[in-house]
Amino acid sequence: MKIDYEKELNPAQYEAVTRREGVFLVIAGAGSGKTRTLVYRVAKLVESDIPPESILLLTFTRKASLEMLHRSSMLADDRCNRVSGGTFHSVGNLLLRKYGSAIGMSPGFTILDSSDSQDCLGILKTEKGYGKEIKNFPKKSTLSAIFSFSINKRMPLNLVLAKAYPQFLFLLEEITHLKAAYSEYKKKHNLVDYDDLLVLFKELLESPEIQEKVQRQYRFLMVDEYQDTNILQAEIINLLGRGHNNIMAVGDPAQCIYSFRGANFGNIMEFERFFPDLQVIKLEENYRSTQKILDVCNALMAPAREKFAKNLFSKIKKGKEVPAVVGSDSPAEEAYFIVDTIEELTHTLSLPLNDIAVLFRNSFHSFELELELNKRNIHFVKYGGFKFVETAHIKDVVSHLRVVANPNDAVSWTRLLLLMDGMGPKTAAKVIQQIQALENPFALTKLKGFEKFRKPLHDLEQLFRHITAADRPPSLIIEKVLDYYNPALESKYDDFPKRKRDLDQFLGIAAKYKKLDQLLADMALEPPNASRNGALADAKTREEHLVLSTVHSAKGLEWHTVFVMGANEGSFPNPYAVEDEEELEEERRLFYVAATRAKERLYFTFSTLKKDRYGNFYSAPPSQFLHPLRENGLVKKLGSWEYF
DNA sequence: CCTCGCTCATTTTTT
DNA sequence: ATGAGCGAGG
């Protein structure tokens, strides 16, 4: 079964799929078949006997790459599943474990997720005494944000402070000192945070010997969601690709929504600077949405400062349903409207629940809706926001696994020691200092002093005796840790039964892993995506369900019917963003991304009265982003929309 | 010196 | 629901 590329693709897609050598930038508007193009291109390369291992597909999440490769293999053959794919972070992780010794790293490093790196900064802040001595010293989360901003935007600390945190400018010296201490601490304890993964990835590729090796391994590079990469990632692409110059980057400047992470559409310029022979291919025709929806999307972007592209258009999807703007008097009413409409669609039109999504700016915007869905027994899965793996009880358990994998991981040691009664950060630091000097880091009864903790340290040693022996499968280790952790869990949390269920789920996930290292890397880099409010296990997600999602997590996806809820000033755009023109523009693009997810039906809902956390009502006008929709019959107005 | 429990304030988006 | 800040008590 040969693929008829010419018939199944439009001319621009066909060109992108069939051109092989060279550097290409594919500018692809929303719904223009970007994924389809990448899928066919992988199939085409594999079909023409390019070894799949020599193709590298860099995507935004690993799920995205797995899905694409799966589709490619359905199209062509199984070899597509052997294509290397993943995020910049995960590829960096793999290469650093393999070749990291070339730049002085040891392969057993632990990856710190953002809350771990914040814990680490907290430890150092206390150690330096900054928190106590200096009033209003930045919180650990702020420190982490400052450092990350500085690295991802390539901006020295003094400029970061001047631009984003002028109130801390007088602490420049202390903050600079802390940053150095943080780097040193990570190095000493074999720890790597998210930013380090990119920085070190780049450093690794700068070693000529490694660079050549890696370039020889990956002969064809494809980069998805290019608009959301930052300077560091652009440099990595450059280093990966300049040996052979076979690169295809795909992106849509109008959908750049990660500039808070240093993403910058100006990267396209960098790309041109690195590769002057760059050829641009444009995918313009939309295959996803009805023209009525596209008209609305185009109108949303009309006031944008940058005129990125010309308007989205569809030749094939006529559709008669006019998108709606729905005003309500209260959040409860907004929720009723959404749930009523969903029931109507599923009952009278027999639309599968899977074809519907509700999108919002912030994870907590859906609380009211979740209550109503639960009341009416509508099954949903929520994406974005607080993640399952970030909850305290999961982190507690994981910290035990991490010291097994890297006994040098002082952040995890601190976390698990703090679980003991009477143990605080100071004592933990002293314990860890001694542990580092031990020949066997788990021989805790050998520690001098700490009489008060003789019993708990003994118990912990027993635990480690069980779980460090030989090459145990992760699930077995976790079972032992759970037994050990249970008393602490029950005394620490009143809601322990719920947390226990979470831990059981975690055990279920871990059972799929044979190697502890792999489990830990995935926990940090590709955690289960659903947040903890909704269902989590795969079995559950396979059931028919409604999707609730932040717009960020909905990137790249599409549904028959989409509700964009909380379209209020104060919610969407995010109030933090309205003062800064650039940030407001990003909110606009985010709103646009939300709207472009819809294929057939699109609703914007808002409530003119909102509740603050004490239950007091305040009035919130409809989002300014809805203003362009007021005229021309672009949308129908439902509910109480007199303010609109 | 250190930990613990109380109170008050606070929540963007993600690898 | 969580985190920081503060003061009491071990």
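Please read these numbers as outputs of a predicted model, since none were measured by experiment.

Criteria and cut-off values
Residues numbered from 1 in each chain as written. Chains lettered and ligands numbered in written order. Predicted model: local features only at pLDDT ≥ 70, side-chain atom pairs only at ≥ 80, totals over all residues. Heavy atoms only, no water. Pairing = 2+ DSSP bridges. Helix = DSSP H or I, 4+ residues; strand = E, 2+ residues; numbered from the N terminus. Axes fitted to C-alpha atoms, helices over the stretch in contact; angles between N-to-C directions. Contact = heavy atoms within 4.5 Å. Buried < 20%, exposed > 50% of the residue type's maximum accessible area, 1.4 Å probe, protein only. Salt bridge = Lys/Arg side-chain N within 4 Å of Asp/Glu carboxyl O. pLDDT = per-residue confidence, 0-100. Phe/Tyr/Trp six-rings, centres within 6.5 Å; stacked < 30°, edge-to-face > 60°. Parallel < 35°, antiparallel > 145°, perpendicular 65-115°, else oblique. Left-handed = near helix turned anticlockwise from the far one by under 90°. Nonpolar A, V, L, I, M, F, W, Y, C, P; charged D, E, K, R; others polar.

1. Section: the sheet that holds strand E3 (residues 84-86)
Part 1 of the argument: Taking strand neighbours across the sheet as the criterion, the six strands line up as E3-E2-E6-E7-E1-E8 in an open arrangement whose pairing is parallel. Where the open sheet ends on each side, the last strands, each with one partner, are E3 and strand E8 (279-283). Direction aside, neighbouring strands of the sheet carry axes that sit 15 degrees apart on average.
Part 2 of the argument: Taken together, the six bridges between strand E1 (residues 22-28) and strand E7 (residues 246-251) define a ladder with parallel strand orientation. Across the sheet, the residue bridging to Val26 is Val250, located in E7.
Part 3 of the argument: Taken strand by strand, helix H13 (residues 231-241) contacts strand E2 (55-58), strand E6 (220-223) and E7, and its axis lies near 165 degrees from that of E6.

2. Considerations on helix H15 (residues 291-301)
Part 1 of the argument: Counting buried positions along H15 gives eight out of eleven residues, so the element sits mostly inside the fold.
Part 2 of the argument: Looking at the buried residues of H15, the elements they touch are helix H26 (581-595) and strand E14 (598-607).

3. What about the sheet that holds strand E13 (residues 559-564)?
Part 1 of the argument: With parallel pairing, seven strands are arranged side by side in an open sheet as E11-E12-E10-E13-E14-E9-E17. Unpaired on one side and paired on the other, strand E11 (380-383) and strand E17 (636-639) mark the two borders of the sheet. When the angles between neighbouring strand axes are averaged without regard to direction, this sheet yields 20 degrees.
Part 2 of the argument: Bridge analysis of strand E10 (residues 356-360) against strand E12 (residues 546-550) gives four bridges, and the strand direction is parallel. Across the sheet, residue Val358 finds its bridge partner in E12, namely Leu548.

4. A short note on the pairing of strand E9 (residues 324-328)
Part 1 of the argument: Burial within E9 is extensive, with five of its five residues counted as buried.
Part 2 of the argument: In E9, alternate side chains face the same way, and those of Ala324, Val326 and Ser328 on one face and Val325 and Gly327 on the other are all buried.
Part 3 of the argument: Taken together, the five bridges between E9 and E14 define a ladder with parallel strand orientation. Bridging across to E14, Gly327 finds its partner in Phe606.

5. Describing the pattern of salt bridges
Part 1 of the argument: Under the criterion given, the structure shown has 40 salt bridges.
Part 2 of the argument: A salt bridge links Lys382 to Glu370, with the shortest nitrogen-to-oxygen separation between them at 2.9 Å. With a gap of twelve residues between them, Lys382 in strand E11 and Glu370 in helix H17 (residues 367-375) connect regions that are remote in the sequence. Like Glu370, Lys382 is buried.

6. Brief notes about the confidence of the model for chain A
Part 1 of the argument: In this model, chain A carries a mean pLDDT of 87, and residues with pLDDT of at least 70 account for 96%.
Part 2 of the argument: Put simply, helix H25 (residues 538-542) is where chain A has its lowest mean pLDDT, 49, and E13 is where it has its highest, 96.
Part 3 of the argument: Counted against residues more than four places away or in other chains, residues 532-540, with its pLDDT under 50, gives 25 contacts.

7. Focus: the packing of aromatic side chains
For any pair of aromatic rings, geometry is given as the distance between the ring centres together with the angle between the planes.
Part 1 of the argument: This structure, assessed with the given rule, holds 16 aromatic pairs.
Part 2 of the argument: Taking 5.0 Å as the distance between ring centres and 40 degrees as the angle between the ring planes, the aromatic pair formed by Tyr226 and Phe271 counts as tilted. Placement of Tyr226 in the loop between E6 and H13 and of Phe271 in helix H14 (residues 267-274) is noted, with a sequence separation of 45 residues between them.
Part 3 of the argument: On the basis of relative accessible area, Tyr226 is assigned to the buried category, the value being 1%.
Part 4 of the argument: With 6.4 Å between their ring centres and 85 degrees between their planes, Phe572 and Phe625 make a pair best called edge-to-face. One end of the pair, Phe572, is in the loop between E13 and H26; the other, Phe625, is in the loop between strand E16 (617-619) and E17, and 53 residues separate them in sequence.
Part 5 of the argument: Using a relative accessible area of 0% as the deciding quantity, one classes Phe572 as buried.

8. Concerning the packing of helix H18 (residues 392-405) against helix H24 (residues 516-525)
Part 1 of the argument: The contact between H18 and H24 brings their axes to 10 Å, and the two run at 135 degrees. By the angle class used here, H18 and H24 are oblique. As H18 packs across H24, the resulting crossing turns out to be left-handed. Facing H18, whose interface residues are Ile394, Val398, Leu401, Arg402, Val404 and Ala405, H24 presents Leu516, Asp517, Leu519, Leu520 and Met523.
Part 2 of the argument: For the contact of H18 with H24, the per-class residue count stands at nine nonpolar, no polar and two charged.

9. Some remarks on the environment of Cys297
Part 1 of the argument: Following the sequence through the fold, Cys297 ends up in helix H15.
Part 2 of the argument: Along the chain, Cys297 and Asp471 lie 174 residues apart, while their C-alpha atoms are 55 Å from each other.
Part 3 of the argument: If near-sequence neighbours (up to four positions away) are discounted, Cys297 is found in contact with Leu312, Tyr592, Ala595 and Thr596.

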